[in-house]
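So the chains spell out like this:
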Amino acid sequence: MVLSKRERVILIATIVVAGAVLAYWLIVSPLLDARAATAATKAKLTADAAEGRLLMAQRQRSAAALEQMKRSNLKTDPAEAEAQVLHAMRRWAEGAGLGRGQVQTVRIAGKGRFSEIEFQTSYSGTMRGITQLLWQIESADIPIRVVKLQIASRKEGQDDLNFELRLSTLYAPKGQPAPARAGGGG
Amino acid sequence: MMFSRGRNLALVVNEHRITATEVVVAGGKTELRTAAVNLTGETTLKDPQRLGRELKAELRRGGLTASRCVVGLPASWIVCREKMLPPADEQALRGIVALAIERDFASDEADLAFDYCAHSAATGGLSVLVAAAAREIITQVQAVAAAAGLGVSAITSTAIALARCCGAAGPGGRIVLCVLATGTEAVVASGESLRLVRHLSVRLQDAASAAGIGGELRRLLPLLGAASDAPRELLVWDGTGVNHAPLSAAADELGLAVRFCTIAADVGLSGPNISSDNALAGAAALARANDGPEIDFLHSRLAEPPKARVGLRAALAAAVAATLLAIGIFLFVDWRSEDHQVSVLAEELKNGKSARDEAAVFNADVRLARQWFDNRAGCLGPMREVTRAFPSEGRIWATSLEIREDRQVTVTGKSLTEAAVLDVLDRLKANRRLSNIETLYVRNSGSASPAVTFSIKLNAAGVD
């Protein structure tokens, strides 16, 4: 079959275009897709690795903070932790003029590597005494926090109040894994 | 044309001997070395291997070390025809000359090697000199050179090389007479054109033979056409040292101005250690022409120039394809590299997973524990903000207050008027640190008085 020059050009152009389309469809497009997928995976893994490094750095700071907590009267024995709170509450309540009130241990629960002891306390006194006691609790150097507070007036028009506090303290039971020093990132 | 730097080797071949001459140009100095092999007995061109070996030995003995050479053949081995052709381009000229060769020569290219040189003639057309040599001789010469360890750059005519050394001829033309021990050769040139190369049967040995030369020249002149085209100058390369007087007399008789050429003046070869013997002039002229002699039977102009194996379009297409391929390879290699990095990264993450999980749990535990130390959610702050919302004059008062650890605050109280409750509510809502302020109830206290009881719930998470 003899082709004219025009026909030959058209045939070559058709073959070239078809070849290009075929090459794009079979090779280029899958390759670009694979590259894009790899790039996305790499970006995600790189972000994960950075997050991991951040986590390990945070762990170092957390370990230092835990050491500081242990130096700040974080007990390992529940009885010691309970006694520490009971003594502190008695001292603070008397200092605030609230009398001895009632203090009762109500619950012990685990909180991760720590354990929590809750106390139910009730006092009678003035608003001044109550705020003094609350200030002592909020600025204490022992692990203690207010879970719930209820104040109710005993006699209307007088500064004579019933004061109920639900408190919580924390201790680190023995046998929990020691805070390991942070390793490498990633 | 000057000698090229380095070693320029020429072999002058004739029936009796092969003379090798090497002109060495280096460091501003020119040196001439020679060697020769006589063709006698069994040492002939018929046995190129033997001749080549002997030539090799002589070259070594003479200190000629060039690896390529130009070979000059005697005029007696060459047949020349002059053709006057109309102006034509190179391709057309090649075709015309090929047709002329078919017509003028009985033998074809299997037996003869052809070449031609063309120059513009004074008449406006082209003066073409077609030269032919026996293919067998060309093959033998090549074989001799190969056996001597030499590559052949060109095979040409010694006489033409000598004629070219004398520069372009004047308008009337000239005859260049090469007087050699083996015979006499004449080249007729007009301007740039070569018109005739002829071996003259007479040997120039004495006055009588000089007269014979005069007769030979007289017989040449009619072959050159009109009287106006007749040569006016006779240049003589005397390689035998004969008496010049008879030659001068013969030239005078023909009306030709005679000049005797020298190797120093015409070939440009001179120096303290260089012989002025004109017998070496032919080889020296060939050595000077090693970058492209006028006639070259080895690289004939009749041969079609080799077509480019790849056309421009094909080359462009190949370049585009190569570029695309290179891009593809780069993309592929880059992808594989990234893939490898991903694998390494994934492996590292997999290996460090347990440590990261442990760290996350540990960090969460410590964060939780800090709520019992420096991150306590206090109650005094919410109490202060709620207290500020109550007026000091005693129209409304709280009877109970509850604050939970999530800072949900519930205030219950009494008021003399409902408006006072609403005032308190407005003040609480105006406080930006409090949120989700909600009235649980406002109701009459049950007596006939307008006093009401109320309960308000709010969130004090924003309070320090």
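Here, residues in each chain are numbered from 1, in the same order as that chain's written sequence. Chains and ligands are labelled by the order in which they are written, letters from A for the one and numbers from 1 for the other. Given that the model is predicted, a residue must reach a pLDDT of at least 70 before its local features are reported, and side-chain atom pairs must reach 80 or more before they are shown or counted; all residues, however, enter totals for whole chains, interfaces and linings. Note that the side-chain values use all heavy atoms of the structure and ignore hydrogens as well as water.

What to know about the overall build of chain B
Reasoning step 1: In this description a helix means any DSSP run of H or I spanning at least four residues, a strand means any run of E spanning at least two, and both kinds are numbered starting from the N terminus. What chain B contains, in helices and strands, is 12 helices and 17 strands.
Reasoning step 2: A simple rule labels every residue: compare its accessible area, found with a 1.4 Å probe on the protein chains alone, to the largest value its type can have, and call it buried under 20%, exposed over 50%, or partly exposed in between. For chain B, buried positions account for 47% of its 464 residues.
Reasoning step 3: Of the contacts made within chain B by residues no fewer than 6 positions apart, 61% connect residues no fewer than 24 positions apart. Contacts between residues were defined by any pair of non-hydrogen atoms, one from each residue, lying within 4.5 Å.

Description of the pairing of strand S13 (residues 257-260) of chain B
All names here are of chain B.
Reasoning step 1: By definition, two strands form a pair when at least two bridges between them are found by DSSP. Both strand S12 (residues 233-238) and S13 contribute to a ladder of four bridges, which runs parallel. Residue Leu235 lies in a different strand from S13, and its bridge partner there is Arg259.
Reasoning step 2: For the segment spanning S12, helix H6 (residues 244-254) and S13, crossover handedness is right-handed. Handedness of a crossover is defined as follows: with both strands directed away from the viewer, a clockwise route from the first strand across the helix to the second makes it right-handed.

Let's talk about the interface of chain B and chain A
Reasoning step 1: Listed by partner, the interface residues are 43 residues for chain B and 55 residues for chain A.
Reasoning step 2: The term buried area refers to how much accessible surface (probe radius 1.4 Å) is lost by two components on association, counted for both of them together. Between chain B and chain A lies a buried interface of about 4400 Å² when both sides are counted; carbon and sulfur atoms form 64% of it.
Reasoning step 3: One speaks of a salt bridge when a side-chain nitrogen belonging to Lys or Arg is within 4 Å of a carboxyl oxygen belonging to Asp or Glu. Between chain B and chain A we count five salt bridges in total.
Reasoning step 4: Taking the shortest distance from any N to any O, the salt bridge between Asp365 of chain B and Arg113 of chain A comes out at 3.1 Å.
Reasoning step 5: Polar contact is the term for a pair of N or O atoms within 3.5 Å; when the atoms are in protein, one must be able to donate a hydrogen and the other to accept it, and sequence-neighboring residues count only if both atoms are side-chain atoms. Our count for the chain B to chain A interface comes out at 21 residue pairs in polar contact (both at pLDDT 80 or more).
Reasoning step 6: Put simply, the parts of the chain that give the side of chain B that touches chain A at least two residues each are helix H9 (312-351), helix H10 (353-369), helix H11 (380-389) and strand S14 (396-404) of chain B.
Reasoning step 7: Considering each element in turn, the side of chain B that touches chain A owes the most residues, 13 residues, to H9 of chain B.
Reasoning step 8: Each residue belonging to the side of chain B that touches chain A can be placed in one class, and the counts come to 22 nonpolar, eight polar and 13 charged.
Reasoning step 9: Where strand S3 (residues 144-153) of chain A meets S14 of chain B, five bridges bridge the pair, whose relative direction is antiparallel. Opposite Gln150 of chain A, over in S14 of chain B, you have Glu402 of chain B as the bridge partner. Note that Gly is not counted as nonpolar here; it falls among the polar residues with everything else outside the nonpolar set of Ala, Val, Leu, Ile, Met, Phe, Trp, Tyr, Cys and Pro and the charged set of Asp, Glu, Lys and Arg.

So, the pattern of salt bridges
Residues and elements named next belong to chain B.
Reasoning step 1: This model, assessed by the stated rule, comprises 25 salt bridges over all chains.
Reasoning step 2: The partner of Glu58 in a salt bridge is Arg61, with the nearest N and O atoms 2.2 Å apart. On the criterion of helical spacing, the pair formed by Glu58 and Arg61 is a turn pair, its members being three residues apart in helix H1 (residues 48-62).
Reasoning step 3: Across the salt bridge formed by Arg94 and Glu90, the nearest N and O atoms sit 3.7 Å from each other. Here Arg94 and its partner Glu90 are both found in helix H2 (residues 90-104), four residues apart, which amounts to about one turn of the helix.
Reasoning step 4: Where salt bridges share partners, they join Arg7, Glu22, Glu31 and Arg33 into one cluster.

Some details on the packing of H1 of chain B against helix H3 (residues 135-147) of chain B
The angle between the axes and the distance between the axes are what describe a pair of packed helices.
Residues and elements named next belong to chain B.
Reasoning step 1: Only the stretch in contact is used when fitting a helix axis, every axis being a line fitted to C-alpha atoms; angles between N-to-C directions are given from 0 to 180 degrees. Running from N to C, H1 and H3 point in directions that differ by 45°, and their axes come no closer than 7 Å. With respect to H3, the axis of H1 lies oblique. Both H1 and H3 take part in a crossing whose hand is right-handed. For the pair formed by H1 and H3, the contact residues are Pro48, Gln49, Leu51, Gly52, Arg53, Leu55 and Lys56 on the first element and Gln140, Ala143, Val144 and Ala147 on the second.
Reasoning step 2: Taken together, the residues of the contact of H1 with H3 break down into six nonpolar, three polar and two charged. For this classification, under 35 degrees means roughly parallel, over 145 means roughly antiparallel, 65 to 115 means roughly perpendicular, and everything else is oblique. In this scheme the crossing of two helices becomes right-handed for a clockwise turn of the near helix relative to the far one and left-handed for an anticlockwise turn of less than a right angle.

Describing the packing of helix H1 (residues 5-71) of chain A against H10 of chain B
Reasoning step 1: H10 of chain B packs onto H1 of chain A with a crossing angle of 40° between their chain directions and a minimal axis gap of 8 Å. Considered as vectors, H1 of chain A and H10 of chain B are oriented oblique to each other. As H1 of chain A runs across H10 of chain B, the sense of the crossing is left-handed. On H10 of chain B, the residues that touch Gly52, Leu55, Met56, Gln58, Arg59, Ser62, Ala63, Ala65, Leu66 and Met69 of chain A of H1 of chain A are Ala355, Arg356, Glu358, Ala359, Ala360, Phe362, Asn363, Val366 and Ala369 of chain B.
Reasoning step 2: Residue classes in the contact of H1 of chain A with H10 of chain B are distributed as 12 nonpolar, four polar and three charged.

With respect to the packing of aromatic side chains
Residue and element names in this part refer to chain B.
Reasoning step 1: Centres within 6.5 Å make a pair out of two Phe, Tyr or Trp rings, where for Trp the six-membered ring is used; the pair is then stacked when the planes are under 30 degrees apart, edge-to-face when over 60, and tilted otherwise. For the coordinates displayed, the defined rule picks out four aromatic pairs over all chains.
Reasoning step 2: A centroid spacing of 5.7 Å and a plane angle of 65° characterise the contact between Phe332 and Trp335, whose relative ring orientation is edge-to-face. In this pair, Phe332 and Trp335 both sit in helix H9, three residues apart, roughly one turn of the helix.
Reasoning step 3: For Phe332, a relative accessible area of 42% corresponds to the partly exposed category.
Reasoning step 4: The class for Trp335 is buried, based on a relative accessible area of 18%.
Reasoning step 5: With 6.4 Å between their ring centres and 35° between their planes, Phe390 and Phe454 make a pair best called tilted. With Phe390 in the loop between H11 and S14 and Phe454 in strand S17 (residues 452-459), this residue pair connects regions lying 64 residues apart in the sequence.

Remarks on the side chain of Asp296 of chain B
Residues and elements named next belong to chain B.
Reasoning step 1: Inspection of the secondary structure puts Asp296 in the loop between helix H8 (281-288) and H9.
Reasoning step 2: His residues and chain termini do not enter the charge count, which takes Lys and Arg as positive and Asp and Glu as negative. Nearest to the buried, unbridged Asp296 among oppositely charged side chains is Arg301, at 7.2 Å.
Reasoning step 3: Side-chain polar atoms of Asp296 contact the backbone nitrogen of Ile155, separated by 3.0 Å.
Reasoning step 4: In this structure the side chain of Asp296 is engaged in a polar contact, spanning 2.8 Å, whose partner is the side chain of His299.
Reasoning step 5: Ignoring any residue separated from it by four or fewer positions in sequence, one finds Asp296 in contact with Asp115, Ser153, Ala154 and Ile155.

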